[in-house]
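If you want the building blocks of each chain, they are given just below.
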Amino acid sequence: MAYLQKLTGAQPLKLRDFDPEFDAGLDKETGEEKLEKLSAELTRQQELLYAAGTHSLLIVLQGRDTSGKDGTIKTVMGPLNSLGCQVASFKVPTAEELAHDFLWRIHQQTPGKGEITIFNRSHYEDVLVVRVHKLVADKVWRARYDHINAFEKLLADAGTIILKFYLHISKDEQEQRLLEREQDATKYWKLSAGDWKERTYWNDYTRAYEDALNRCSTPHAPWFVVPANKKWFRNLAVAETIVSALRPYEKQWREKLEVIGQREKAAIEEFKHSKVTQK
C-alpha cells in the first residue's frame, strides 16, 4: 500500500495537517519485515536502472535538524550497490560556489544515466535557511521557486526520476532527540549549539517549508511529507514510495536489456563461428 501522499501542487497544504506520529496502523516488527522485502526489490530495481542506462534517479531529502536524513540514507539506501549510488551533501556555499548562480553547485551533483544520487539537503536550502535568516533580499529568494521548477523540469526531461521527501517531525520529538544526543557519547560529534538556536525559528521554518512544498510540487518532481517521529515507519514509507515509483519503468528497462542481450548473444555466436571457420 502507499503510505505517503504524492504532492503535485494542486492543493495547498499546511504541515499541521500531517501527523508526524502516523504509522499506518503498523507495529515496528511488521514495518521492519516489510522494509526488508522492499529493500530486496529496490536492489533489483537498481540493477535494472544501472544496466538499462535510460534513466537516473534523484532523491531529495529535506527536514529539520534530527529529522533523520542520515538515518534514512543508511537504512533505505545502504543495501544498494555503491557503484551506481552516491550521496551529495550541501553545506554552507564556498566562495567559488557563491560566485555562481545558486544551482551551479547542485547541477554538478545530479545523477548520470543509470545512477542514483541522494541529496542530503539540497537546492531547497536557498529558499529555506536563506529566507529564514534573511541572507538575501526577499525578491531574490522568491524568484528561486521558478528557477527550481525549471531546473527540475530540465532534469526530468533528460530522463531523471525525481522524488523529494520532507521528513516531518514534531517540535517535542526534535527536543527529545537533541537531549538524547547529549547523553550518548557516540553521538557527540553531532552536537551543535546551532541546532538549539535554530529551534527559535521553528515557525519561520514551518512557513518556509510550506511555501516550498506548495510552490515546487509538480507531477514530474513531486514532494512527499514523511511522518518521521517513528524512525522505522519513516524508513518504510520512503522505501515503499521509491520502489512504487520505479515499478512502472521496469518493463521498459527489461525490454532494453533483452535487446542488448540478444545483440551481444548474436555477436558471441558470430565470433565463435568465425573461429571455427578459421581452423
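This text follows the structure it describes.
None of the values given here were measured: they were computed from a predicted structure.

Here is what the cut-offs are and how they apply
- Residues numbered from 1 in each chain as written.
- Predicted model: local features only at pLDDT ≥ 70, side-chain atom pairs only at ≥ 80, totals over all residues.
- Heavy atoms only, no water.
- Buried < 20%, exposed > 50% of the residue type's maximum accessible area, 1.4 Å probe, protein only.
- Helix = DSSP H or I, 4+ residues; strand = E, 2+ residues; numbered from the N terminus.
- Pairing = 2+ DSSP bridges.
- Core = buried A, V, L, I, M, F, W, Y, C linked by side-chain atoms within 4.5 Å.
- Contact = heavy atoms within 4.5 Å.
- Salt bridge = Lys/Arg side-chain N within 4 Å of Asp/Glu carboxyl O.

Take the pairing of strand 2 (residues 56–63) next. Burial of strand 2 is extensive: 8 of the 8 residues sit out of reach of the surface. Where burial is concerned, the two faces of strand 2 agree: the one with S56, L58, V60 and Q62 and the one with L57, I59, L61 and G63 are both buried. Taken together, the 8 bridges between strand 2 and strand 5 (residues 160–168) define a ladder with parallel strand orientation. Paired with S56 across the two strands is T160, which belongs to strand 5. Bridge count between strand 2 and strand 4 (residues 116–120): 5 bridges; the pairing is parallel. Residue pairing across strands places I59 opposite I118, the latter belonging to strand 4.

Here we come to the nonpolar core. Counting 37 residues, the largest nonpolar core has L57, I59, M77, I116, I118, F165 and I242 as the members making the most contacts within it. At the level of secondary structure, the elements contributing two or more residues to this core comprise helix 1 (28–52), strand 2, helix 2 (69–77), strand 4, strand 5, strand 6 (223–227) and helix 10 (231–277). In terms of residue count, the dominant contributor to this core is helix 10 (10 residues). Dropping the residues within four chain positions of it, I118 is found in contact with I59, L61, I73, M77, C85, Q86, V87 and A88. In this structure, A88, F119, V132 and Y205 belong to the second largest nonpolar core, which totals 32 residues.

With that out of the way, let us pick up the sheet that holds strand 2. Spatial strand order, 1-6-5-2-4-3: 6 strands in an open sheet with mixed pairing. Edge positions in the sheet fall to strand 1 (6–7) and strand 3 (85–89), since each of these pairs with one other strand and no more.

Another aspect to go through is the pattern of salt bridges. Overall, the coordinates contain 15 salt bridges when judged by the stated rule. Here R105 ties to E97 by a salt bridge, and the two come within 3.3 Å at their closest N and O atoms. Of the charged contacts in the structure, one is a salt bridge between D126 and R144, with a shortest N-O distance of 3.4 Å. Of the two residues, D126 sits in the loop between strand 4 and helix 5 (129–132) while R144 sits in helix 6 (residues 138–157), which places them 18 residues apart along the sequence. For D126, a relative accessible area of 9% puts it in the buried group. Given a relative accessible area of 11%, R144 falls into the buried group. Salt bridges sharing partners connect three or more residues here, namely D65, R121 and E125.

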